[in-house]
Amino acid sequence: MKKSVLPGFGLSLGVTGLALTLVVLLPLSGLLLETFTLTWPGFWSAVSEPRAVASYRLSFGAAFASAVINGFFGLLLAWVLVRYRFPGRAIVDALVDLPFALPTAVAGLTLTALYAKNGLLGQHLEPLGIFVAFTPVGVVIALTFVGLPFVVRTVQPVLESLDPSLEEAAAVLGASRWQTFRRVIFPSLFPALLTGITLSFARAVGEYGSIVFISGNMPMRTEITPLLIVTRLEQYDYAGATALAIVMLAVSFALLFTINVLQRWSQPRHA
Amino acid sequence: MRALALLPLLLLAACSKESTVTLLNASYDPTRELYEEVNRAFAKRWLEKTGQTVVINQSHGGSGKQARAVIDGLEADLVTLALGWDIDAVASKGKLLPENWATRLPRNSAPFASTIVFVVRKGNPRGIHDWEDLAKPGVQVITPNPKTSGGARWNYLAAYGAAQRKPGGDDAQAKQLMAGLFANVPVLDAGARGSTTTFAERGLGDVLIAWENEALLLLNGASKDTFEVVVPSLSILAETPVALVDQVVDRRGTRTVAEAYLKFLYSDEGQALASKHGFRPTGVATLEPKFAKVSTFTIAEGFGGWATAQRVHFDDRGLFDQLYAVKK
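Okay, so let's go over this structure.

Criteria and cut-off values
Residues numbered from 1 in each chain as written. Chains lettered and ligands numbered in written order. Predicted model: local features only at pLDDT ≥ 70, side-chain atom pairs only at ≥ 80, totals over all residues. Heavy atoms only, no water. Contact = heavy atoms within 4.5 Å. Buried area = accessible area lost by both parts, 1.4 Å probe. Salt bridge = Lys/Arg side-chain N within 4 Å of Asp/Glu carboxyl O. Polar contact = N/O pair within 3.5 Å; in protein donor to acceptor, adjacent residues only side chain to side chain. Helix = DSSP H or I, 4+ residues; strand = E, 2+ residues; numbered from the N terminus. Buried < 20%, exposed > 50% of the residue type's maximum accessible area, 1.4 Å probe, protein only. Pairing = 2+ DSSP bridges. Right-handed = clockwise from strand over helix to strand, strands pointing away. Axes fitted to C-alpha atoms, helices over the stretch in contact; angles between N-to-C directions. Parallel < 35°, antiparallel > 145°, perpendicular 65-115°, else oblique. Left-handed = near helix turned anticlockwise from the far one by under 90°. Nonpolar A, V, L, I, M, F, W, Y, C, P; charged D, E, K, R; others polar. Patch = residues over 30% accessible without salt bridge, like charges linked within 9 Å, V, L, I, M, F, W, Y side chains within 5 Å. Areas by Shrake-Rupley, 256 points an atom, 1.4 Å probe, with all protein chains shown as cover.

With that out of the way, let us pick up the interface of chain B and chain A. Listed by partner, the interface residues are 33 residues for chain B and 25 residues for chain A. Overall, the association of chain B and chain A removes approximately 2600 Å² of surface from exposure, summing both partners, and the carbon and sulfur fraction of that is 52%. Inspection of the region where chain B meets chain A yields four salt bridges. Of the charged contacts, one joins Arg232 of chain A and Asp316 of chain B as a salt bridge, the two residues approaching to 3.3 Å between their closest N and O atoms. Summed over the shared surface of chain B and chain A, the number is 12 residue pairs in polar contact (both at pLDDT 80 or more). Listing elements by their share of the side of chain B that touches chain A, those giving two or more residues are helix 3 (63-71), helix 4 (84-92), helix 15 (306-314) and helix 16 (319-326) of chain B. Looking at which element gives the most residues to the side of chain B that touches chain A, the answer is helix 3 of chain B, with five residues.

Before going further, it helps to examine helix 4 of chain B. Residues and elements named next belong to chain B. Most of helix 4 sits out of view: seven of its nine residues are buried. Within helix 4 the residues assigned to the buried category are Gly84, Trp85, Asp86, Ile87, Ala89, Val90 and Ala91. Where the residues of helix 4 are buried, they touch helix 3, strand 3 (78-80), helix 7 (150-165), strand 9 (242-244) and helix 15.

Here we come to unusual backbone geometry. Of note, Tyr236 of chain A is a non-glycine position whose phi angle comes to about 60°, a positive value. When you line up the elements, Tyr236 of chain A lands in the loop between helix 12 (225-234) and helix 13 (238-270). At Asn124 of chain B, a residue that is not glycine, the phi angle is positive and equals roughly 45°. Within the element layout of this structure, Asn124 of chain B appears in the loop between strand 4 (112-121) and helix 6 (131-134). On the accessibility criterion, Asn124 of chain B (12% relative accessible area) is buried.

Residue and element names in this part refer to chain B. Judged by how many residues are buried, strand 1 (residues 20-28) sits mostly within the fold: seven of nine residues are covered. When strand 1 meets strand 2 (residues 53-61), the two strands line up parallel, connected through nine bridges. Among the inter-strand pairings, Tyr28 is bridged to a residue of strand 2, identified as Gly61. Read as a crossover between parallel neighbours, the route from strand 1 over helix 2 (residues 32-50) to strand 2 is right-handed. As defined by bridge partners, strand 1 adjoins strand 3 across three bridges and the pair is classed as parallel. From the neighbouring strand, Ser27 faces strand 3, where its bridge partner is Thr80.

Bringing the packing of helix 9 (residues 164-172) of chain A against helix 10 (residues 177-206) of chain A into the picture now. Working note: a packed helix pair is described by the angle between its axes plus the distance between those axes. All names here are of chain A. The contact between helix 9 and helix 10 brings their axes to 10 Å, and the two run at 140°. In this view, helix 9 runs oblique relative to helix 10, as classed from their interaxial angle. Every pair of crossing elements has a handedness; the one defined by helix 9 and helix 10 is right-handed. Across the interface between the two elements, Leu166, Glu167 and Ala170 of helix 9 pack against Thr180, Val184 and Ile185 of helix 10. For the contact of helix 9 with helix 10, the residue count by class is four nonpolar, one polar and one charged.

Below, the discussion takes up a nonpolar patch on the surface. All names here are of chain A. Judged by side-chain polarity, Leu18, Leu20, Leu22, Val23, Val24, Leu25, Leu26, Leu28 and Leu249 come together as a nonpolar surface patch covering roughly 830 Å² of accessible area. Looking at which element gives the most residues to the nonpolar patch, the answer is helix 1 (residues 9-35), with eight residues. Secondary-structure assignment places Leu25 in helix 1. A relative accessible area of 48% places Leu25 in the partly exposed class.

Shown next, in the form of structure tokens:
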């Protein structure tokens, strides 16, 4: 390995390794150890029963849907906040962070109150045949709420530091506005946008507090995987609970890893 | 403000360390107000009797969650939970008290109990009178998820046992009732308070299956003109047991005061407080008139105890799971 010009590599790697071990690896290995009390067939039946499979579909599907929605509207919101000056902009900017600060249970209760059949929105939506509370749609809405700040906050700084001369150059060279956006602005934003979407997705996969209120927790239909984990704990089935956790962890890691690779691959092409 | 008010107490505690003892009571959610008052009353009696100040800290949460916290090391001297199954787990998984804990105090270690009743909207528009009415098509029933809520398990067992034990009833009829009943449940909240909110605040459902003490609380509140209570012909006696945690009290040297505390729950004063907060005292000949007359069966009579009930009905692939497995 080539020696870096920056001193202190050994020390900083050691400290980082220790911190990572204590904070991330230790709890995760505890999780693994707990599942080792299960036999392979026991593990398989714990993670492959129909209810568990239905819950993966909802957990990952709803998280993906909400991440895509956040990707689109988060980008738009970041764009508006950076590129335009309007009264109340500082307030909108501060509002974006609120989902971070609000306890998710409060978010879940509020959204449920809003979309239930006697709620402010629900009373107008349900006669139209649009059911939100206690359906997968409600789950997606709650996840979109908790994940929004991730996209805005990762895209915003990149957009702010984007060199305006690039856009001017594009315009001078005869590019249309759409071409400028598509060929100049978007490629430089893309890695940050992907990070934001990934963070928002990862946050959504693990979300529990807000979802238990709005989903209605119906087996096979609106049960998220974290709820099934709690259900198994409630039966003192620690091993069965951690088996589900391992599946979530493995799928999440695979997805996040793929996205990281995708991101690395997208960067040099446009650098 | 609160901190300032506590200051003299803390100073007092610091001066007389010898004569102050603390207890931690791990309980479930709806007992908050009850134990607040019980703790005050017991502290007064204990001070009179021994000259020792006792401070009782309360921890509340879902019954199963509390049991797990104690198993995982929460130093609770006392467990006062929603079902015996959860204290059984503290005994069998945590080895923190002997497995025969329930026999150590009178009446299965349950100084008070509750039962399961229906709450319907004022005037009872859907004509709900007994368990069969909950399985009728078009009736919406609100009850929490028995997999996550202790109260919901009582609800489920009350319905099942009532159908099984009524004249001419049997297991097949009970299963049929449960299938019809749960087909009518639009939302399975994680806990009993969640279901109450869904029914009372969200306006969902025609009938809420609930603890009698929660129903009485709902009717005492601002919403007494919106709801009424319907008592089924037959229901379960939901025994909510209490126990001291041997490993903890012996380590902390609090056995004497913990035993006195549990005994206080059985005293006339403790029983009266339970009654005041909507729990049925088990040692009183005539109950206050606010408790409706209802014939009840116990979990031992109906299901041969918690271990069997849990295994047959609520474990994975048990009868409750089968209700949902068929309608994919």
